[in-house]
Amino acid sequence: MQKIDLPEREDWRARAEELGFSFADMHGEPYWDESSAYAFTLEEIETGIEDPATELHAMAREAVAEIVASEELMARLAIPEAHRDLVADSWRRAEPEIYGRFDLVWDGTGTARMLEYNADTPTSLYESAAFQWGWLEEQIAAGVLPADADQFNGIHEALVERFRALFPPDTDLHFTAMAGNPEDYATVESMAWAAREAGMGAHYSDLESIGLSTGGQFLDAEDRVIGTLFKLYPWEDLLRDGFAAHLATAGCLMLEPAWKAVVSNKGLLPVLWRMFPGHPNLLPAFFEDEIAGGAPEARRAADALGRAHVRKPLFSREGAAIRIVEDGRETEASAEGGYGSHPMIVQAYHPLPEFGGFRPVLGAWIVGEACVGLGVREDRGRITQDLSRFKPHFIR
Amino acid sequence: MTTPATAARPDPAPARRRKRSRRVTLTILGAAAFALAGCREETVDAAAFPDLAACKSAAAQGGEFSALDCEVAFREAQTLHAEAAPRYDSQQVCEEQHGEGSCGTEAQATGSGGGSIFMPLIAGYLIGNMLGGARAGAAPAQPLYRTQDGRFTNAAGTATYASNSGRGQLSASQFTRPAATAGKPPMTRATPASRGGFGTSAASRPTSGG
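The rules behind these values
Residues numbered from 1 in each chain as written. Chains lettered and ligands numbered in written order. Predicted model: local features only at pLDDT ≥ 70, side-chain atom pairs only at ≥ 80, totals over all residues. Heavy atoms only, no water. Helix = DSSP H or I, 4+ residues; strand = E, 2+ residues; numbered from the N terminus. Buried < 20%, exposed > 50% of the residue type's maximum accessible area, 1.4 Å probe, protein only. Axes fitted to C-alpha atoms, helices over the stretch in contact; angles between N-to-C directions. Parallel < 35°, antiparallel > 145°, perpendicular 65-115°, else oblique. Left-handed = near helix turned anticlockwise from the far one by under 90°. Contact = heavy atoms within 4.5 Å. Nonpolar A, V, L, I, M, F, W, Y, C, P; charged D, E, K, R; others polar. Domains from an automatic or database assignment. Buried area = accessible area lost by both parts, 1.4 Å probe. Salt bridge = Lys/Arg side-chain N within 4 Å of Asp/Glu carboxyl O. Polar contact = N/O pair within 3.5 Å; in protein donor to acceptor, adjacent residues only side chain to side chain. Pairing = 2+ DSSP bridges. Expected span 1.5 Å × (residues − 1). Bend = angle between axes of the 7 residues up to and from the residue.

Asker: Which parts of the structure should I look at to understand unusual backbone geometry?
Answerer: Outside of glycine, negative phi angles account for most residues, and trans bonds account for most peptide bonds. Residues and elements named next belong to chain A. The omega torsion across Leu255 and Glu256 is -10°, close enough to zero to call that bond cis. You will see that Asp170, though not glycine, has its phi angle at about 70°, which is positive. Mapped onto the elements, Asp170 comes out in the loop between helix 6 (155-166) and strand 7 (172-177). Overall, the relative accessible area of 62% leaves Asp170 in the exposed class.

This is how it looks when you write it as structure tokens:
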């Protein structure tokens, strides 16, 4: 794993604009940054990232079975009591998952460690699956990269196959996201194109425009009944919204399914560490109150966490409300972003490696139950936030 | 349907297992354009008749339906009427929906069932010209009922028509087979009771993703 300086495509900004990638620059900073790229060997990709991420997803599924069967864990993961049956039933009915993204820390040596699993509303799908792919093809065509260069990026094809496997041809699927956010929207549209390529009807409505019929079914912006809804909107919010009471009775298949509420939840991390202690791709993690409570767990935790740990809320987006504590002292903290009062977990601190002044996080994309691609984001700071940059990668 | 910019390239490295897609959709159209790019809703040439005689009379004058079409459609609509007409537990509730004198008992309407269930009388029928056969879940002949305000509706209550006589283009979704239960199949129209019940928990946050 190396970071290599490369000439940028001269016209990439015009190309981005033409394709509708309107957030290639954000907050006055580049978001898409192709002035350098990460290079991997095939061996690094397959045994360092792909196989571990596929295994981590299987472990997360095992954890779901444990969590939905345990009132204690459902409570610790802050699943509202009124909706615990909805979450458990969606798992028992084997409602299908579409996608997710593990955030892994790795420098190419030793084993990749899981920081967290964005299993419910991962974004950056467009730049990972499409724009990054276009970069590779054009850099090969320009002779900047060798003809046999490749990329770990079967994301789009895997999504097409996933939709094809799950739904009969011509099934009408609805897609939704909150209005006014081009980043979220790009992820939803990428998903919807994959569905159309698989032969589905894909219809988009803003989340806020979704209605409830007199018969208790969800309606799109044109008053049509929604049978299946892909929502780029997290379960922890869905379960607390005004329509939450209708989720169980609307006869609508939700994607991602309700059981992702216990996967895309930092509470998954201590549950995984309980179930798979010492697993080479996990970092030790505990519920904060478990440690504060004293007892044997506290000592076990103190030993496992070592001299530094990270404190994270159960739910947070884009690195909000995260604190790094070293030798008992807080050494780094991100803005709370409204998450400060949430229940917390602690995870052993594993510093991100540094490549040319930036720290990469490896986004390992899961489609269905397998890892199918990679998207790298890097940040100057030790906490990856919304000013991070997306970096393309290639396989030598 | 609009075709987005896609790109495909031959495999340059057949020697080893390829790790990337062969073809990817590169374009983001934006919410408004994407909705428009959706395959446009199918339409169906349709005609409404108050009764079988009116249909046959139109057929005799060279309408798009034959007298046989009329017979078949009328029978189908009668069957759907028995299966899927709205049912009420009193004459009064039924008449509140369909107008005075527009209701009867289930026993009168279908020749079976009880005298304590009430259904609207059939007030016309709608025939769709489904070339190439009806899609699964579609019914090309639909019974019509009066509404309390003098218009007409279908068995599922998903559409309202000003008249029970006339012709025009209707959305194919209006020929969806009405469900016997309360739940309606996807893509049928329904009446919204409220909107805005999603999204409130995140009102203060710029993005839902991560």
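That shown, we press on.
Asker: Would you mind showing me how to read the packing of helix 1 (residues 12-19) of chain A against helix 5 (residues 125-141) of chain A here?
Answerer: A pair of packed helices can be characterised by two numbers: the angle between their axes and the separation between those axes. Residue and element names in this part refer to chain A. At their nearest, the axes of helix 1 and helix 5 sit 13 Å apart, and the two run at 135° to each other. When the interaxial angle is binned, helix 1 and helix 5 end up oblique. Here helix 1 runs over helix 5; the crossing is right-handed. Contact residues: Trp12, Arg15, Ala16 and Leu19 in helix 1; Tyr126, Phe131 and Glu138 in helix 5. Classifying every residue of the contact of helix 1 with helix 5 by side-chain character gives five nonpolar, no polar and two charged.

Asker: Explain the domain arrangement of chain A to me, please; I cannot follow it from the model alone.
Answerer: Residues and elements named next belong to chain A. Annotation of chain A at the domain level lists domain 1 (2-264 + 355-395) and domain 2 (284-348). Taken over C-alpha atoms, the centre of domain 1 sits 25 Å from the centre of domain 2. Summed over both sides, the interface between domain 1 and domain 2 buries roughly 1,600 Å², with carbon and sulfur atoms accounting for 47% of that surface. In terms of surface lost to domain 2, no three residues of domain 1 exceed Arg76, Arg382 and Ile383, which account for 41% of the buried area on that side.

Asker: Please explain the interface of chain B and chain A as it appears in this structure.
Answerer: The extent of an interface is frequently quoted as the accessible surface area lost upon association of the parts. Listed per partner, the contact involves 55 residues of chain B and 81 residues of chain A. Taken over both partners, the interface formed by chain B and chain A buries close to 6,000 Å², and the fraction arising from carbon and sulfur atoms is 55%. Summed over the three residues of chain B that lose the most area to chain A, namely Lys19, Phe34 and Phe198 of chain B, the buried surface amounts to 15% of that side. There are eight salt bridges connecting chain B and chain A. Residues Arg23 of chain B and Glu197 of chain A are paired through a salt bridge, measuring 3.1 Å at the closest nitrogen-oxygen approach. Here chain B and chain A share 32 residue pairs in polar contact (both at pLDDT 80 or more) between them. For the side of chain B that touches chain A, the secondary-structure elements that each account for two or more residues are strand 1 (6-8), strand 2 (23-25), helix 1 (31-37) and strand 12 (192-195) of chain B. Broken down by element, the side of chain B that touches chain A gets its largest block of residues, four residues, from strand 12 of chain B. Looking at side-chain class alone, the side of chain B that touches chain A contains 23 nonpolar, 19 polar and 13 charged residues.

Asker: Honestly, the pairing of strand 4 (residues 36-40) of chain A in this entry has me stumped. Any pointers?
Answerer: Both faces of the sheet carry side chains from a regular strand, because those side chains alternate between them. Residues and elements named next belong to chain A. With respect to burial, strand 4 is a largely interior element, five of its five residues being buried. Of the two faces of strand 4, the one holding Ser36, Tyr38 and Phe40 and the one holding Ala37 and Ala39 are both buried throughout. Where strand 1 (residues 2-5) lies against strand 4, four bridges are found, and the strand directions are antiparallel. Within strand 4, the position partnered with Asp5 by the bridge is Ser36. Direction of pairing for strand 4 relative to strand 21 (residues 393-395): parallel, over a ladder of three bridges. Counted as the bridge partner of Ala39 is Phe394 from strand 21.

Asker: Would you mind showing me how to read the environment of Phe390 of chain A here?
Answerer: Residues and elements named next belong to chain A. Relative to the helices and strands, Phe390 is located in strand 20 (residues 389-391). Taking relative accessible area as the criterion, Phe390 reaches 0% and is therefore assigned buried. A sequence separation of 160 residues divides Phe390 from Phe230, and the C-alpha atoms of the two residues are 25 Å apart. Not counting residues within four places of it along the chain, the set of residues in contact with Phe390 comprises Tyr31, Trp32, Asp33, Ser124, Glu127, Ser128, Gln132, Gly375, Val376 and Arg377.

Asker: Where do I start with helix 2 (residues 42-68) of chain A in this structure?
Answerer: Along an α-helix, residues three or four positions apart point the same way, because every turn accommodates 3.6 residues. Across its 27 residues, helix 2 of chain A extends 38 Å between first and last C-alpha, which sits within 8% of the 39 Å expected from 1.5 Å per residue. If you look at helix 2 of chain A, its biggest bend is around 25°, right at Glu50 of chain A, and the proline Pro52 of chain A turns up within four residues after that.

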